[in-house]
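What follows is the residue order along each chain.
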Amino acid sequence: MQKRVKPRLPLKKEPEHRINQFIKAQQVRVVGENIEPGVYSLEEARKMATDLEVDLVEISPNADPPVCRLVDYNKFLYEKKKKDKEQKAKAKQTEVKEIRFTPNTDDHDFDFKAKHAEKFLQEGNKVKCFVQFKGRSILFQDRGQLLLLKFAERLSEWGTLEAMPKMEGRRMLAMFTPKKKK
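All figures in this text were calculated on a predicted structure; none of them were measured in a lab.

About the thresholds
Residues numbered from 1 in each chain as written. Predicted model: local features only at pLDDT ≥ 70, side-chain atom pairs only at ≥ 80, totals over all residues. Heavy atoms only, no water. Buried < 20%, exposed > 50% of the residue type's maximum accessible area, 1.4 Å probe, protein only. Helix = DSSP H or I, 4+ residues; strand = E, 2+ residues; numbered from the N terminus. Pairing = 2+ DSSP bridges. Phe/Tyr/Trp six-rings, centres within 6.5 Å; stacked < 30°, edge-to-face > 60°. Lys NZ or Arg CZ within 6 Å of the ring centre and 35° of its normal. Axes fitted to C-alpha atoms, helices over the stretch in contact; angles between N-to-C directions. Contact = heavy atoms within 4.5 Å. Salt bridge = Lys/Arg side-chain N within 4 Å of Asp/Glu carboxyl O.

(A) Fine view of the pairing of strand β2 (residues 38-41). Burial along β2 is one-sided: the residues G38 and Y40 are buried and none of V39 and S41 is. Strand direction decides the pairing type here: strand β1 (residues 27-32) and β2, joined by 4 bridges, are antiparallel. Directly across from V28, in β2, lies its bridge partner Y40.

Pasting the structure below:
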């Protein structure tokens, strides 16, 4: 016998703003184009909206009295969505770039990696540096710490060391955050 599965109905999503007849306040502050901004009774505000053939949209329900705007609701939602998308595009996501050393890293390699770290910090990214200890090199933890502190000194112009280098397993870690541009 085959089991019957109930189809799932789409959930009704609550509208983001109250409009027209769903507004509950007695008095509202009305703003919009082609009207005199001010506090009106709800009936007057609805009448103004119907006269202008637009919607009465509650944009700030927690204010006293609530603020409503006379605007076409679909146009209002479109502009809001567009503005949110623009803000999201402007927000920069910071990445964490990794740089790896060994306790025996040579000066040339150190300089090469420092230049990369400087570039990463100038771009606004965080830099995670670690010294990887393999085999018996774990005995030279002091070398690893000196290397990371020397690296921190080299990057002091572009970034700041978040915390002193610390051991995590067979790695000694140090994080650098970019300095704010003036």
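(B) Inspection of the packing of aromatic side chains at higher detail. Scanning the entire structure with this criterion turns up 5 aromatic pairs. For the pair F110 and F151, a centre-to-centre distance of 5.6 Å together with 80° between the ring planes defines the contact as edge-to-face. Of this pair, F110 sits in helix α3 (residues 107-122) while F151 is found in helix α4 (residues 141-154), placing the two residues 41 residues apart along the sequence. Cluster of aromatic residues (ring-pair linked, three or more members): F101, F110, F151 and F176. Above the ring of F110, the side-chain terminus of K150 is found at 4.6 Å from the ring centroid.

(C) Region of interest: the sheet that holds β2. The mixed open sheet is built from 4 strands, whose spatial order is β2-β1-β4-β3. A single partner strand is all that each edge strand has here, and the edge strands are β2 and β3 (55-60). Neighbour-to-neighbour, the strand axes of the sheet open up by a mean angle of 45°, direction not taken into account. Across 4 bridges, the pairing between β1 and strand β4 (residues 67-71) is parallel. Along β4, the bridge assignment pairs G32 with L70. Here helix α1 (residues 42-52) sits on the sheet in contact with β1, β2, β3 and β4, set at roughly 100° to β2. Packed onto the sheet, helix α2 (residues 73-90) meets β3 and β4 and runs at close to 35° relative to β3.

(D) Inspection of the pattern of salt bridges at higher detail. Going through the model one piece at a time under the given rule, you end up with 10 salt bridges. Here K47 and D51 are joined by a salt bridge, their closest N and O atoms 3.4 Å apart. Of this pair, K47 and D51 both sit in helix α1, 4 residues apart, which is roughly one turn of the helix. With respect to class, K47 is no different from D51; both count as exposed. Among the salt bridges present, the one from K80 reaches D84, with a minimum N-O distance of 3.8 Å. Placement of the pair is K80 and D84 together in helix α2, with a separation of 4 residues, close to one helical turn. Here K80 falls in the partly exposed class, since its relative accessible area comes to 27%. Linked by salt bridges that have partners in common, D111, E118 and R154 make up one network.

Taken by themselves, the reported measurements are silent on function.
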